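Per-entry structural report
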Amino acid sequence: MKKYICDVCGYDYDPAIGDPEHGVPAGTPWEKVPADWVCPLCGVGKDQFSPMD
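All values derive from a computational prediction rather than experimental measurement.

Notes on the overall build of the protein
In terms of regular secondary structure, the protein is built from zero helices and three strands. Written out in order from the N terminus, the α and β elements of the protein read β-β-β. Taking 10 Å as the expected radius of gyration for a compact globule of 53 residues, we find that the protein reaches 10 Å, a close match to that expectation. By its C-alpha atoms, the protein is 25 × 25 × 15 Å across when sized along the principal axes. Put simply, the protein has 53 residues, and 32% of those count as buried. If you sum the accessible surface of the protein, you get close to 3,300 Å²; carbon and sulfur atoms cover 52% of it. Here the protein contributes 4 positively and 9 negatively charged side chains, and the mean placements of these two sets differ by 8 Å.

Reading guide: rules and limits
- Residues numbered from 1 in each chain as written.
- Predicted model: local features only at pLDDT ≥ 70, side-chain atom pairs only at ≥ 80, totals over all residues.
- Heavy atoms only, no water.
- Helix = DSSP H or I, 4+ residues; strand = E, 2+ residues; numbered from the N terminus.
- Rg over C-alpha atoms; globule rule 2.2 N^0.38 Å.
- Buried < 20%, exposed > 50% of the residue type's maximum accessible area, 1.4 Å probe, protein only.
- Areas by Shrake-Rupley, 256 points an atom, 1.4 Å probe, with all protein chains shown as cover.
- Lys, Arg positive; Asp, Glu negative; His and termini not counted.
- Charge placed at Lys NZ, Arg CZ, Asp CG, Glu CD.

Next comes the structure, spelled out in structure tokens:
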């Protein structure tokens, strides 16, 4: 599963880890992260993330 990085603050979303503190369990691929989820560090939406190489 591909990781995604926040274009604003550099937070990286790792599907293997998820974001359990904010309702996204480990193993959740980016496509299944809820549309209203926001970056836990800076608060921007999913549209401000880019896939990591």
